[in-house]
Amino acid sequence: MPKRFSPLDPSSSPLALFGSELRTYRERAGLSHDQLGSKTDYTGSYVGAVERAQEMPKRRFAVAADLALETVGALTRLWDGLLKPSVYPPWFDWPIHEAEATLLRAFELSVVYGLLQTGDYARDLLYGDEAAVEARIARQSVLTREDPPPPLLVCVLDETVLRREVGSPAIMYAQLRHLVQAASERVSIHVIPSRRHRGISGSFVLATLEDRSEVAYIDTAARGVTTGEPQDLRILTEKFESIRSRALPVDQSPDLITRTADELWT
């Protein structure tokens, strides 16, 4: 008998609705994740990640699942109607996982991590789009909420982030001072010196959820990608630990941030 997983709120996002419908059809067919994966040429873990809204399904998966589950094109139509218009738009589904996380591990190669940005810094990055700025700043409440407790955040910034001008010297100075002030028992900020390390291929975030499952967000030149694939998670975890091991400790990083603010941005 296929294992029954916790319910998913289909109203929380288009991705969640697709996942909920896929789970309903799969269970109706009496198939496990692995069995459906075998029938669609995907892994069982991929099927599970799609059902939990941790993975954006590919259209060919929807087509294959319709054939395997004999759903007469229902999942393909759902994909075309809900997911095709918004395949991988910025922050499409990541805030859902971010809000559910008990631990966030972030590496940023080019700019300050979104949850630690000031409004002015974000405004310049987002070309003055006030709606986008408000949405980004609103996400930061995850770090100050009381119920449930906020996630632990471990953030590693490449040193170039401190030296790349965004907006103006005044904006940079305020942003760097904000980083120093944001550090706390639950927010650890590290700086890794600008040299060759395993993060030079790009920025990413790993979220650990309450059930100990994980999901990751990866920046690419074209779009951000959310993934729950075990192989991706293994690679990113190894990268993060390698990067963090070479970064300055939390008691030295604020000194470097403050020094850079005073020397470059005043």
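Just so it is clear, the model here is predicted, and its values are computed rather than measured.

Colleague: So what exactly am I meant to see when it comes to the overall build of the chain here?
Modeller: Counting secondary structure elements, the chain contains twelve helices and six strands. The globule rule puts the C-alpha radius of gyration for 266 residues at 18 Å, and the 20 Å found for the chain is close to it. Projecting the C-alpha coordinates of the chain onto the three principal axes gives extents of approximately 65 × 35 × 35 Å. Going through the 266 residues of the chain one by one, you find that 48% of them count as buried. For the chain, the exposed area adds up to about 13,100 Å²; of that, 53% sits on carbon and sulfur atoms.

Colleague: Would you mind showing me how to read the sheet that holds strand β3 (residues 187–192) here?
Modeller: Two orientations exist for strands paired in a sheet by backbone hydrogen bonds: parallel and antiparallel. Taking strand neighbours across the sheet as the criterion, the six strands line up as β3-β2-β1-β4-β5-β6 in an open arrangement whose pairing is mixed. Bordering the open sheet on either side are β3 and β6 (224–227), each of which pairs with just one other strand. The mean inter-strand angle of the sheet, taken between neighbouring strand axes irrespective of direction, is 10°. Examined bridge by bridge, strand β4 (residues 204–209) and strand β5 (residues 214–219) share five bridges and lie antiparallel to one another. What sits directly across from Leu-206, in β5, is Ala-216. Of the strands in this sheet, β1 (101–108), β2 (152–158), β3, β4, β5 and β6 are in contact with helix α11 (residues 230–246), which crosses β4 at around 110°.

Colleague: Would you mind going over the confidence of the model for the chain with me for this structure?
Modeller: Atom-level detail of predicted coordinates should not be read off regions where pLDDT is low. With 92% of its residues at a pLDDT of at least 70, the chain reaches an overall mean of 89. Across the chain, helix α10 (residues 169–182) holds the top mean pLDDT of 98, while β6 sits lowest at 82. Here residues 1–6 is modelled with pLDDT under 50, and outside its nearest four sequence neighbours on either side it reaches eleven contacts, counting other chains as well. Counted against residues more than four places away or in other chains, residues 87–91, with its pLDDT under 50, gives ten contacts.

Colleague: Before we go on, may I ask you to explain the environment of Arg-244 in this structure?
Modeller: With respect to the helices, strands and loops of the structure, Arg-244 is situated in helix α11. Spatially, the C-alpha atoms of Arg-244 and Val-156 are 6.7 Å apart, while their sequence positions differ by 88 residues. Discounting chain neighbours no more than four positions away, the residues touching Arg-244 are Val-154, Val-156 and His-190. Among the polar contacts made by the side chain of Arg-244, one reaches the side chain of Glu-241 at a distance of 3.0 Å.

Colleague: Hey, could you run me through the pairing of β4 in this one?
Modeller: One face of the sheet, then the other: side chains in a regular strand alternate in exactly this way. Counting buried positions along β4 yields six of six residues, so the element is predominantly enclosed. Here β4 shows two buried faces, one formed by Phe-204, Leu-206 and Thr-208 and the other by Val-205, Ala-207 and Leu-209. Summarising the sheet, β1 and β4 pair through six bridges and their orientation is antiparallel. Looking at the pairing, Leu-103 lines up with Thr-208 of β4.

Colleague: Whenever I open this one, the pairing of β2 confuses me. Can you help?
Modeller: With six of its seven residues buried, β2 lies for the most part within the structure. Of the strand pairs in this sheet, β1 and β2 are connected by six bridges, and their pairing is parallel. Counted as the bridge partner of Ala-106 is Cys-155 from β2. Strand direction decides the pairing type here: β2 and β3, joined by six bridges, are parallel. Directly across from Leu-157, in β3, lies its bridge partner Val-191.

Colleague: Help me out: how do you make sense of helix α1 (residues 14–28) in this one?
Modeller: Since the α-helix advances by 3.6 residues per turn, residues separated by three or four positions end up pointing in the same direction. In this model, α1 (15 residues) spans 21 Å end to end at C-alpha, consistent with the 21 Å of a helix rising 1.5 Å per residue. Looking at the buried residues of α1, the elements they touch are α2 (33–40), α3 (44–51), α4 (59–69) and α5 (74–83). Note on α1: the residue one or two positions beyond its end, Gly-30, has a positive phi of about 70°.

Colleague: Is there a simple way to explain the packing of α1 against α5 in this structure?
Modeller: Each pair of packed helices can be summarised by the angle the axes make with each other and by the distance between the axes. At their nearest, the axes of α1 and α5 sit 10 Å apart, and the two run at 175° to each other. By the angle between their directions, the pair α1 and α5 is classed as roughly antiparallel. Facing α1, whose interface residues are Pro-14, Leu-15, Leu-17, Phe-18, Glu-21, Leu-22 and Tyr-25, α5 presents Ala-74, Leu-75, Leu-78, Trp-79, Leu-82 and Leu-83. Class assignment for the residues of the contact of α1 with α5 results in twelve nonpolar, no polar and one charged.

Colleague: I keep staring at unusual backbone geometry and nothing clicks. Help me out?
Modeller: In terms of backbone geometry, most residues other than glycine have negative phi values and most peptide bonds are trans. Of note, the amide linkage connecting Asp-147 to Pro-148 takes the cis form, showing an omega dihedral of -5°. Within the secondary structure, Pro-148 is located in the loop between α8 (130–139) and β2. One non-glycine residue, Glu-70, lies in positive phi territory at about 55°.

What counts, and where the lines are drawn
Residues numbered from 1 in each chain as written. Predicted model: local features only at pLDDT ≥ 70, side-chain atom pairs only at ≥ 80, totals over all residues. Heavy atoms only, no water. Helix = DSSP H or I, 4+ residues; strand = E, 2+ residues; numbered from the N terminus. Rg over C-alpha atoms; globule rule 2.2 N^0.38 Å. Buried < 20%, exposed > 50% of the residue type's maximum accessible area, 1.4 Å probe, protein only. Areas by Shrake-Rupley, 256 points an atom, 1.4 Å probe, with all protein chains shown as cover. Pairing = 2+ DSSP bridges. Axes fitted to C-alpha atoms, helices over the stretch in contact; angles between N-to-C directions. Contact = heavy atoms within 4.5 Å. pLDDT = per-residue confidence, 0-100. Polar contact = N/O pair within 3.5 Å; in protein donor to acceptor, adjacent residues only side chain to side chain. Expected span 1.5 Å × (residues − 1). Parallel < 35°, antiparallel > 145°, perpendicular 65-115°, else oblique. Nonpolar A, V, L, I, M, F, W, Y, C, P; charged D, E, K, R; others polar.

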